Amino acid sequence: MIHKYKMQGKNIVIDVISGAVHVVDDVAYDVLDFYETASKDEIIEKLSCKYEEEKITEAIEEINSLKKDELLFSEDIYESHISLWNKKPIIKALCLHIAHDCNLRCKYCFASTGDFGTGRTLMDAETGKRAIDFVIKGSGNRKHLEVDFFGGEPMMNFEVVKEILEYAKEKAKDAGKVFKFTITTNALLLNDDNIAYINENMQNVVLSIDGREATNDKMRCRVDGSGSYKSILPKILKVAESRNQENYYVRGTYTRNNLDFSEDVLHLADLGFKQISVEPVVAAKDSGYDIREEDLEKLYDEYEKLSVEYQKRWNTDRWFNFFHFMVDLSQGPCVAKRLGGCGAGAEYVAVTPEGDIYPCHQFVGMEEFRLGNVHNEGEFNKDIQDTFKNTNVYTREDCKNCWAKFYCSGGCRANAYQFNHDLNKPYSIGCELERKRVECALWLKAMEE
């Protein structure tokens, strides 16, 4: 399988299975339309009105060579191996819901403004410690483990965050493990003391802001309805600078209210942020700010516009890193990751303030996906874990024939379930946007080379 497209004067061809990416001339680009279905003489006849026979022949020979080297039209070697994957899943990452409460009332919040529809509660230290015990025990021989302190807003329960983190570090020494900690925060409660603690102990920080002041404040409101931009901006800037512009992300969400989201990305870049992620909202149909099919062409243009500006800023002091344009063609994710995705439900789980275990933060509250509870050591639903473990790009009919399947690994299972009530049927709007992001990212790699 191949995918080809034109962008900003470049002809780009992707060999899906091998991952090879080629920049080709117009002749080869057009030859590929007929290569698998027509003979050499037929191709020459079809294209003789546009190109000289010698040029067409050269293009065919070059494609033949790439095919022989398994860099074009390479054979799918992965699907037949899926059935051989009998490795026992291990839990290696936790999303700890430190607070099912929040001091903002973001309109697009998938977590019902922080309480996940289950009531406003805070995790106690004992539950967090049992969660740490759970991941250490479930991690098998894996040494490196991850914990994301999440909410709601985890800074509303920061003393418990610290107690759990210190406990984890001590337990890790005894167990021969190493924890990597992340905290995701809206930044309202940040101050000098907790920033210092975060910088000393957290390997990553995710800071929420949507971009321009009007964009942010339309969706990210305080309890009284007022905006949050002016309060959080200096704090977020301080965190970014204090971490030397590394090991953090400012993360925003764009909605139908700001389809010109590239302006929000560039606004954040112009403020001085170097690590930026702005992602499309996933919202219920007709909520008023949900992304619709008629919005896609505008959004494609925005991603392309952003990628052009992104490329212009390389090697200047205005450079920034955009999460969705990151792609490594030499040392990308392993095969298991490319086929299976994030590991939700199999390797990664979320734990609520009460200790209930779910496949990820977006499944919290869905009783049919409850895996167990950290306070009940013997309670863990292996059947649900196996269901997630066995979900991959080849169990999803829509993914099998998609050229981008190894870049998104089938997309978000929670989004699939939310929109289609089926873990194996991906969210179509998300797929369309992912394909465009990948095209932009590969164009950027071509420009870099």
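Check the entry above for the structure.
To start, this report covers the structure provided alongside it. (Residues numbered from 1 in each chain as written. Predicted model: local features only at pLDDT ≥ 70, side-chain atom pairs only at ≥ 80, totals over all residues. Heavy atoms only, no water.)

A look at the pairing of strand E4 (residues 93–97)
Burial analysis of E4 places five of its five residues in the buried class, the great majority of the element. Burial along E4 is two-sided: Ala93, Cys95 and His97 facing one way and Leu94 and Leu96 facing the other are all buried. The pairing of E4 with strand E7 (residues 144–150) spans five bridges and is parallel. Bridge pairing in E7 places Leu96 opposite Phe149. (Buried < 20%, exposed > 50% of the residue type's maximum accessible area, 1.4 Å probe, protein only. Helix = DSSP H or I, 4+ residues; strand = E, 2+ residues; numbered from the N terminus. Pairing = 2+ DSSP bridges.)

Let's talk about the nonpolar core
Ranked by size, the top nonpolar core spans 124 residues in total, and within it Leu94, Leu96, Phe149, Phe179, Ile276 and Phe322 carry the most contacts. Here this core takes nine residues from helix H16 (residues 428–448), the largest share from any one element. In contact with Phe149, other than residues within four places in its own chain, are Leu96, Ile98, Pro154, Val161, Ile164, Leu165, Phe181, Thr182, Ile183, Thr184 and Met202. Within the second largest apolar cluster, 20 residues are counted, among which are Val27, Tyr29, Ile43 and Tyr51. (Core = buried A, V, L, I, M, F, W, Y, C linked by side-chain atoms within 4.5 Å. Contact = heavy atoms within 4.5 Å.)

Describing the environment of Tyr407
Residue position: Tyr407 is located in helix H14 (residues 405–408). For the pair formed by Tyr407 and Phe34, sequence separation is 373 residues and the distance between their alpha carbons is 26 Å. If we skip the residues at most four places from it in the chain, Tyr407 touches Ile14, Gly19, Val21, Val327, Glu434, Val438 and Leu442.

Some points on unusual backbone geometry
Cis geometry marks the peptide bond from Gly151 to Gly152, where omega comes out at 10°. Along the polypeptide, Gly152 turns up in the loop between E7 and helix H5 (158–175). With phi around 80°, Ala187 is a residue other than glycine that occupies positive phi space. Take Ala187: it is sitting in the loop between strand E8 (178–185) and helix H6 (192–201).

Coordinates in, geometry out; function isn't part of it.
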